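Listed below are the residues making up each chain.
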Amino acid sequence: MTVALVTGASRGIGRSIAEGLADGWDIVAVARTQAELDALARGIAGRGGRCRALALDITDHAAVSRALSSLDVDVLVNNAGVGIMRPVSEMTVDEWRAQVALNLDAMFYVTRAVLPGMIARGRGHIVNIGSLAGRNPFAGGACYAATKHAVIGFSESLMLEVRESGVRVSMIMPGSVDTGFGGHAGGGSPWKLPAGDVAAAVRYVLEQPDNAL
């Protein structure tokens with residue numbers, strides 16, 4: 001069984017991705033909240049899968065390196081993110097830094113930790129969860145949209161760097177998803193994507209033949 005590491009796996013899209021991949025991959029579920037990760041792992045185990053719950057602050061580069069650099073990871077799903085929707089004139093420095101730290105810096109830290117192993121083995125697949133906000137700016141989303149613009153640039157450049165090494169890079173760009181992301185309660189928004197649809201998209205790209213991507 002190959003290994004899939006999913007960040008932000010304790011809830012929302014990340015949880016759906018971890019659950020959706022658990023019948024084909026051993027899951028390493030990463031998030032900050034141990035109790036929610038443990039509940040995820042129990043649920044996956046109850047369905048016959050395997051899940052290692054790893055509580056980790058992925059905005060801490062040293063902690064990420066210690067925890068992940070020794071793992072043999074076949075699939076990395078960089079999903080963790082935060083959105084604080086507020087006009088620039090009202091956004092605090094801490095709110096800005098929190099979004100950049102998780103949406104951009106942490107993606108680099110986690111990728112940097114597991115990518116050398118993928119290159120050495122000549123195989124691997126990195127899936128970055130972006131957003132339509134990376135192409136479609138909106139009022140109140142200056143920082144969030146900027147980080148998602150950055151995810152696009154990071155993903156496309158990384159793909160060019162590693163495509164001759166047997167490592168694939170994909171990006172999923174959903175619109176609004178019906179979770180509690182950004183401080184908005186899930187439910188009651190039928191026009192929004194369910195988190196399971198994003199998980200299905202991740203699985204779809206992972207199951208494509210080598211010549212398809």
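Taken over all residues, the pLDDT of the protein has a mean of 91, while the share at 70 or more is 92%. Low pLDDT, under 50, characterises residues 182–186; the stretch is placed with 7 contacts to residues that sit more than four places away or in other chains.

Going through the model one piece at a time under the given rule, you end up with 1 aromatic pair. Relative to Y109, the ring of F108 lies with its centre 6.0 Å away and its plane at 55°, an arrangement referred to as tilted. On the accessibility criterion, F108 (40% relative accessible area) is partly exposed. Since its relative accessible area comes to 18%, Y109 is described here as buried.

Glancing now at the side chain of T147. Within the secondary structure layout, T147 lies in helix α5 (residues 142–162). Classification of T147 by relative accessible area gives buried; the value is 3%. Among the polar contacts listed, one links the side chain of T147 to the backbone oxygen of Y144, at a separation of 2.7 Å. If we skip the residues at most four places from it in the chain, T147 touches Q99, V100 and N103.

The next subject is the pattern of salt bridges. The final tally for this structure, using the stated rule, is 10 salt bridges. For D57, the salt bridge goes to R32, with nearest N and O atoms at 3.4 Å. Here D57, found in the loop between β3 (51–55) and α3 (61–68), pairs with R32, found in the loop between β2 (25–31) and α2 (34–46); they are 25 residues apart in sequence, far enough to count as distant. A relative accessible area of 55% places R32 in the exposed class. Within this structure, D23, R203 and E207 form a network of salt bridges that share partners.

Rules and cut-offs
Residues numbered from 1 in each chain as written. Predicted model: local features only at pLDDT ≥ 70, side-chain atom pairs only at ≥ 80, totals over all residues. Heavy atoms only, no water. pLDDT = per-residue confidence, 0-100. Contact = heavy atoms within 4.5 Å. Phe/Tyr/Trp six-rings, centres within 6.5 Å; stacked < 30°, edge-to-face > 60°. Buried < 20%, exposed > 50% of the residue type's maximum accessible area, 1.4 Å probe, protein only. Helix = DSSP H or I, 4+ residues; strand = E, 2+ residues; numbered from the N terminus. Polar contact = N/O pair within 3.5 Å; in protein donor to acceptor, adjacent residues only side chain to side chain. Salt bridge = Lys/Arg side-chain N within 4 Å of Asp/Glu carboxyl O.

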